[in-house]
Amino acid sequence: MVSVSAPGKLMLFGEHAVVYGKHCIVTAVDKRLIANLQRSKDISINSMDYKIRNYVLDKLDKLPSELKFVSSSIRYFYDKYRIKGGVSIATGGTLKSSYGLGSSSAIIVCIIKGLAKLFRVPLPNRTLFDVSYKINRLVQGAGSGFDVASAIYGKTLNYVAGGKVIQKVKVKDLPLVIGYTGIKAHTPTIVKEVANRYRENPEYHDDIFDDIDKISLKAKDEIEHKKWRKVGSLMDKNQELLRKLGVSSFKLEEMVNAAKDAGAYGAKLSGAGVGDCMIAIPDGSVEAVKDAIKEAGGQVISIKVNADGVKAN
Ligand code: PMV
């Protein structure tokens, strides 16, 4: 049997701008998706998260939508590497799909890495990235692939779409408070909405994306020097630009403002916006920032960041 695990992610800086060729900073979180694979007669899938038991994958079957990342990964790998023989796959772990922490990219990476190991196909990380990113785009359409890179390489990365830049940010730990809005955001829809607005007014958006790019690159340096007050102030600037892009929301604003009022150095939404999570860099009083986020109706989620990338054994 092969057992693989991959981390979820949190966007720190540069969301949306990264889709337009700019830099972003992403960190891996210690919630992990797990896939266990073994050779078998059929191709079958068990998923605890989606309560799917022994689903047998057949070329003619109409697939349940919850399985599209798993099934597309299997099909792509079987076609590309001309695999014969079955596999039984069970997925689970602590990375649930509800917080928007990147469970779909983590599952693609786990399946591809696991199949490669099981069927002895040599797959260095760069190839694993290229294959996984392709599947991600096939299923989801748009997307920069920052989540795929994070699932593979882990830690904290400076990233440009398509893997043009995948560079480790030299940091051991980041002091972060994470608040969940309770609202599930649908990333492809929000990315599409931004694209529609971009077409109407490209200059306006290009200026914003250029400014976000500068912020992300500056943030990389400040993170590496552990200048948390400065990192916080860059978060505030990034949030202002995300607001101008129209991807913040009343709830996100309330949580961000509450964190700031409680003394956080800075706060912003994380990811596509509208819902999902916000992040804050607390000053000394971590508990005060957490309490303020809760009072604003958010759910504080305790996760460690800068986690390891994909692992197989
Ligand atoms: O919603 P999330 O956490 O998957 O983040 C989306 C980030 C975007 O930049 C909006 C899209 C992307 O693929 O980079």
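Please read these numbers as outputs of a predicted model, since none were measured by experiment. (Residues numbered from 1 in each chain as written. Predicted model: local features only at pLDDT ≥ 70, side-chain atom pairs only at ≥ 80, totals over all residues. Heavy atoms only, no water.)

(A) Spatial organisation of the sheet that holds strand E8 (residues 177–180). Ordered by their spatial adjacency, 4 strands build an open sheet running E9-E10-E8-E11, and the pairing between neighbours is antiparallel. The outermost strands of the open sheet, each flanked by one partner alone, are strand E9 (266–270) and strand E11 (299–300). Bridging between E8 and E11 involves 2 bridges; their strand directions are antiparallel. Bridge pairing in E11 links glycine 179 to valine 300. The strands that helix H7 (residues 228–245) touches are E9 and strand E10 (277–281); relative to E9, the one it contacts most, it runs at about 50°. (Pairing = 2+ DSSP bridges. Helix = DSSP H or I, 4+ residues; strand = E, 2+ residues; numbered from the N terminus. Contact = heavy atoms within 4.5 Å. Axes fitted to C-alpha atoms, helices over the stretch in contact; angles between N-to-C directions.)

(B) Quick peek at the environment of valine 160. The topology assignment puts valine 160 in strand E6 (residues 156–160). Judged by relative accessible area, valine 160 falls into the buried class, the value being 8%. Discounting residues that sit within four places of it in the chain, valine 160 has contacts with Gly21, Lys22, His23 and Val165. (Buried < 20%, exposed > 50% of the residue type's maximum accessible area, 1.4 Å probe, protein only.)

(C) Summary view of the packing of helix H2 (residues 103–118) against helix H3 (residues 125–140). At a minimum axis separation of 10 Å, H2 and H3 run at an interaxial angle of 130°. Regarding the angle of H2 to H3, the classification is oblique. Between H2 and H3 lies a crossing whose hand is right-handed. Taking contact as the criterion, the partners of Ile108, Val109, Ile112 and Lys113 in H2 are, on H3, Asn125, Leu128, Val131, Ser132, Ile135 and Asn136. (Parallel < 35°, antiparallel > 145°, perpendicular 65-115°, else oblique. Left-handed = near helix turned anticlockwise from the far one by under 90°.)

(D) Looking closely at the side chain of serine 144. Structurally, the position occupied by serine 144 is in the loop between H3 and helix H4 (146–153). Once you skip the residues sitting within four places of it in the chain, serine 144 turns out to touch Val18, Val19, Tyr133, Tyr159, Ala161 and Gly162.

(E) Focus on the pattern of salt bridges. Under the counting rule described, the total for this entry stands at 11 salt bridges. Two residues, lysine 155 and aspartate 308, come together in a salt bridge whose shortest N-O distance is 3.0 Å. A residue pair is termed long-range when its members are at least 10 positions apart, and lysine 155 in the loop between H4 and E6 and aspartate 308 in the loop between E11 and strand E12 (311–312) qualify at 153 residues. Between lysine 220 and glutamate 224 there is a salt bridge, with its nearest N and O atoms 3.5 Å apart. Within this pair, lysine 220 and its partner glutamate 224 are both found in helix H6 (residues 202–224), separated by 4 residues, close to a single helical turn. Residues joined in a network through salt bridges with shared partners are Lys155, Asp308 and Lys311. (Salt bridge = Lys/Arg side-chain N within 4 Å of Asp/Glu carboxyl O.)

(F) Highlighting the domain arrangement of the protein chain. On domain assignment, one finds that the protein chain holds domain 1 (2–170) and domain 2 (177–301). Domain 1 and domain 2 are separated by 25 Å when their C-alpha centres are compared. Between domain 1 and domain 2, the contact holds 25 residues from the first and 37 residues from the second. Contact with domain 2 buries area across many residues of domain 1, yet Phe13, His16 and Tyr99 alone supply 29% of it, more than any other trio. For the interface between domain 1 and domain 2, the tally reads 2 salt bridges. Aspartate 210 is the salt-bridge partner of lysine 22, the closest N and O atoms lying 2.8 Å from each other. Across the contact surface, domain 1 and domain 2 share 10 residue pairs in polar contact (both at pLDDT 80 or more). Looking at the side of domain 1 that touches domain 2, the elements that each hand over two or more residues are strand E1 (2–13), strand E2 (23–40) and strand E7 (165–168). Considering every element that reaches the side of domain 1 that touches domain 2, the biggest residue donor is E1, with 4 residues. Classifying every residue of the side of domain 1 that touches domain 2 by side-chain character gives 12 nonpolar, 9 polar and 4 charged. (Domains from an automatic or database assignment. Buried area = accessible area lost by both parts, 1.4 Å probe. Polar contact = N/O pair within 3.5 Å; in protein donor to acceptor, adjacent residues only side chain to side chain. Nonpolar A, V, L, I, M, F, W, Y, C, P; charged D, E, K, R; others polar.)

(G) Broad picture of the site of the ligand. In the vicinity of the ligand, 13 residues are found, and the nearest of them are Lys9, His16, Ser144, Thr187 and Ala272. One of the side-chain N or O atoms of threonine 187 is found 2.7 Å from an oxygen atom in the ligand. Alanine 272 has a polar backbone atom sitting 3.0 Å from an oxygen atom of the ligand. In the complex, the protein chains occlude 93% of the 380 Å² of accessible area that the ligand would expose alone. By residue class, the composition of the shell around the ligand is 5 nonpolar, 6 polar and 2 charged. Lining the shell around the ligand are residues from two domains, each supplying at least three of them: domain 1 (2–170) and domain 2 (177–301). (Near = heavy atom within 4 Å. Areas by Shrake-Rupley, 256 points an atom, 1.4 Å probe, with all protein chains shown as cover.)

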